[in-house]
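Structural description and commentary
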Amino acid sequence: MIAPPSTSSVFRQVGGLDVLTWPVFDAFPLTALVTSCAGGVSAGAYGSLNLSFMVGDDPENVLANRRRAAAALDTDLARFVFAAQVHGDVAQVVGAADRGRGALSAADAVPGADVLVTADPGTVLAVLAADCVPIVLYDPRAHVLACAHSGWRGTVARTAAAAVRAMQSLGSRPADVVAAMGPAIPAARYQVGAQVAQAAAETFGDRVPQVLQPAGGGQWRFDLWAANRLVLRDAGLQDTNIHVTDVPTGPDSSSTNPAGRFFSHRAQQPCGRFAAIARRSGRSRR
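An account of the accompanying structure is given in this report. Worth saying up front: this structure is predicted, and the values here are computed from it rather than measured.

With that out of the way, let us pick up the environment of Tyr46. Topologically, Tyr46 is positioned in the loop between β3 (30-35) and α1 (59-72). Residue Tyr46 is classed as buried on the basis of its relative accessible area of 14%. C-alpha of Tyr46 to C-alpha of Pro270: the two residues are 224 residues apart in sequence and 7.7 Å apart in space.

What follows is the structure, encoded as structure tokens:
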């Protein structure tokens, strides 16, 4: 399997929240982060910064948590765009006219999409996850931004490549795109059955040993980080522009919380959802 780099992400305090960030983005006119479990108002299984309306949490708590996330970015929740994620490969281009969709209620989220793409400064993109891979992609030449959500279904459907194609529709070139993957379930804890193994084999062919290892008993360990790295390479990204965290969802020995820093659907059900959030500004920091 391809080992993810161990120094591509760091934790920072942003607006009072403990978040994961990627230093590679620091030079760009971009804010990109992944919220952790901490810093919100939700209780019990959703404690404490659950950002999803769809997992059984009190909607008022979710709204309060989302407003805290928006405040951490020094922006308003009305600028956010959320998608009604379906574990597919649909990428939707959004702009200023879409701001607020899915922010206050799940009912008006962008339907059927697992990728949001924009070239609009100030529009905030957000994807939710709790084991699936959140991916932020940015082209610093064309100033095109995307956020993608890729679980096993999205990975074998090459959702990350769909994000790159949608970025190209706005003038981006794959060779210029910088991609960063956030916390996901690690291969050591992600055992899958024959259906998933077969789908992975169909997608990756003779490279499947790089992403799938037998675990015995008709089970395989699936490395979502490594698989999405291959998808991005195939989509035309330079390997040096693909950055992967080594921080897992669920139990994490580096965290003081037994449940870990990031929600894990496999480790605990029900549970909350964290978010990869990104927005570009109008001016370069270079």
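With the rule as written, the count across this model stands at zero disulfides. Cysteine Cys132 is unpaired, with the sulfur of Cys271 as its nearest cysteine sulfur at 11 Å. Of all cysteine sulfurs in the structure, the one in Cys37 sits closest to Cys271, which takes part in no disulfide; the separation is 8.1 Å.

By the element assignment, Arg266 lies in the loop between β15 (242-244) and β16 (274-280). When residues no more than four places from it in sequence are discounted, the contact partners of Arg266 are Asp131, Ile185, Arg189, Tyr190 and Gln191. A polar contact is formed between the side chain of Arg266 and the backbone oxygen of Gln191, at a distance of 2.9 Å.

Most of helix α3 (residues 159-168) is tucked away: eight of the ten residues are buried. By the burial criterion, the buried members of α3 are Thr159, Ala160, Ala161, Ala162, Ala163, Val164, Ala166 and Met167. Check the buried side of α3 and you find it contacts β5 (91-93), β7 (115-118), β9 (133-139), β10 (144-150), α2 (152-156) and α5 (224-234).

This brings us to the environment of Asp131. Here Asp131 is to be found in the loop between β8 (124-129) and β9. A relative accessible area of 8% places Asp131 in the buried class. On a C-alpha basis, the gap between Asp131 and Phe263 in space is 7.3 Å, while along the polypeptide they are 132 residues apart. Among the polar contacts made by the side chain of Asp131, one reaches the side chain of Thr249 at a distance of 2.6 Å. Here the side chain of Asp131 touches His265 through a polar contact of 3.1 Å, landing on its backbone nitrogen.

So, on to α1. For α1, with 14 residues, the first-to-last C-alpha span of 20 Å sits near the 20 Å given by 1.5 Å per residue. Of all the positions in α1, only Val62, Leu63, Asn65, Arg66, Ala69, Ala70 and Ala72 are classed as buried. Packing partners of the buried residues in α1 comprise β1 (10-14), β2 (17-21), β4 (80-84), β8 and β16. Sitting at the head of α1, Asp58 places a side-chain oxygen 2.9 Å from the backbone nitrogen of Glu60.

Calculation notes
Residues numbered from 1 in each chain as written. Predicted model: local features only at pLDDT ≥ 70, side-chain atom pairs only at ≥ 80, totals over all residues. Heavy atoms only, no water. Helix = DSSP H or I, 4+ residues; strand = E, 2+ residues; numbered from the N terminus. Buried < 20%, exposed > 50% of the residue type's maximum accessible area, 1.4 Å probe, protein only. Disulfide = S-S within 2.5 Å. Contact = heavy atoms within 4.5 Å. Polar contact = N/O pair within 3.5 Å; in protein donor to acceptor, adjacent residues only side chain to side chain. Expected span 1.5 Å × (residues − 1).

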